[in-house]
Amino acid sequence: MKLFGRRPRLPVALRPELASDERVLAWAAIGDDAALVVTNVGLWLPGNGRLGWHEIHKAAWSGRELRIIPAEVAQVRDDYAVLVDAPPITFLLLEPGEVPDQVRTRVTRSVAYTSHHALPQGGVRVVGRRVSGIDGLSWAVRYDSGTPVDAEPVIELTGQLVNAAQAATAPPL
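Residues numbered from 1 in each chain as written. Predicted model: local features only at pLDDT ≥ 70, side-chain atom pairs only at ≥ 80, totals over all residues. Heavy atoms only, no water.

A. Examining the pairing of strand β2 (residues 35-39) more closely. Across the five residues of β2, five count as buried, placing the element largely inside the fold. With burial as the criterion, each face of β2 is covered, one bearing A35, V37 and T39 and the other bearing L36 and V38. Pairing geometry for strand β1 (residues 24-29) and β2, over five bridges, is antiparallel. Following the sheet pairing, V24 is matched in β2 by T39. Between β1 and β2, which pair antiparallel in sequence order, lie five residues; one of them, G31, sits at a positive phi of approximately 75°. Direction of pairing for β2 relative to strand β3 (residues 42-45): antiparallel, over a ladder of two bridges. By the bridge assignment for β3, V38 is matched with L43. Counting the residues that bridge the hairpin from β2 to β3 gives two residues. (Buried < 20%, exposed > 50% of the residue type's maximum accessible area, 1.4 Å probe, protein only. Helix = DSSP H or I, 4+ residues; strand = E, 2+ residues; numbered from the N terminus. Pairing = 2+ DSSP bridges.)

B. Structural detail: the sheet that holds β1. Spatial strand order, β1-β2-β3-β4: four strands in an open sheet with antiparallel pairing. In the strand order of this sheet, the two ends are held by β1 and β4 (49-52), each with one partner. Geometrically, the sheet is characterised by an average inter-axis angle of 20° between neighbouring strands, direction not taken into account. Helix α1 (residues 99-110) contacts β1, β2 and β3 of the sheet and is inclined by roughly 130° relative to β1. (Axes fitted to C-alpha atoms, helices over the stretch in contact; angles between N-to-C directions. Contact = heavy atoms within 4.5 Å.)

C. Main features of the nonpolar core. Among the nonpolar cores identified, the biggest contains 16 residues, and L36, L43, I68, V99 and V103 are the most heavily contacted of them. Counting only elements with at least two residues in this core, the list comes to β1, β2, β3, β6 (65-76) and α1. For this core, the leading source of residues is α1, giving three residues. Apart from the residues lying within four places of it in its own chain, the contact partners of L43 are L36, V37, V38, G49, R50, L51, W53, I56, I68 and V103. Residues L119, V124, L161 and V162 belong to the second largest nonpolar core, which totals twelve residues. (Core = buried A, V, L, I, M, F, W, Y, C linked by side-chain atoms within 4.5 Å.)

Read these as layout, nothing more, since geometry by itself doesn't imply function.
In structure tokens, the structure reads:
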């Protein structure tokens, strides 16, 4: 039941264990005993814990289903991580409320820098993202399909591209 056009509070039984600085912004029931919960820190998935906004590569809303594609760390290099898509997770939301809009806004807001670069074979996207509770940006790359990600020239050029992006976004001294 909605009072004054507002959605009811998240039932205590569906509330995840939030961090001290975390607050619920929106939620949507998934069946009778689970909820998708949007907070300022990330998206709580039923039974799977929280994905930080910087850990979500893509989110799409069809009008009934919210599809999340998490980013998975494939490799950690000196100044950045190499990301790949994890399997998509889909949720049927019969009463989505503000969840789709909040997810889109927060995922988009987490991206502070993005640029795509053609490589001799393939390409790479360099991304700097904001991580809740951490100063500075978290740097990652996502290679285009078919790019020889382990070839030494690709690794060297990728490092140069990440370093240039970090220099371009560094606060003035």
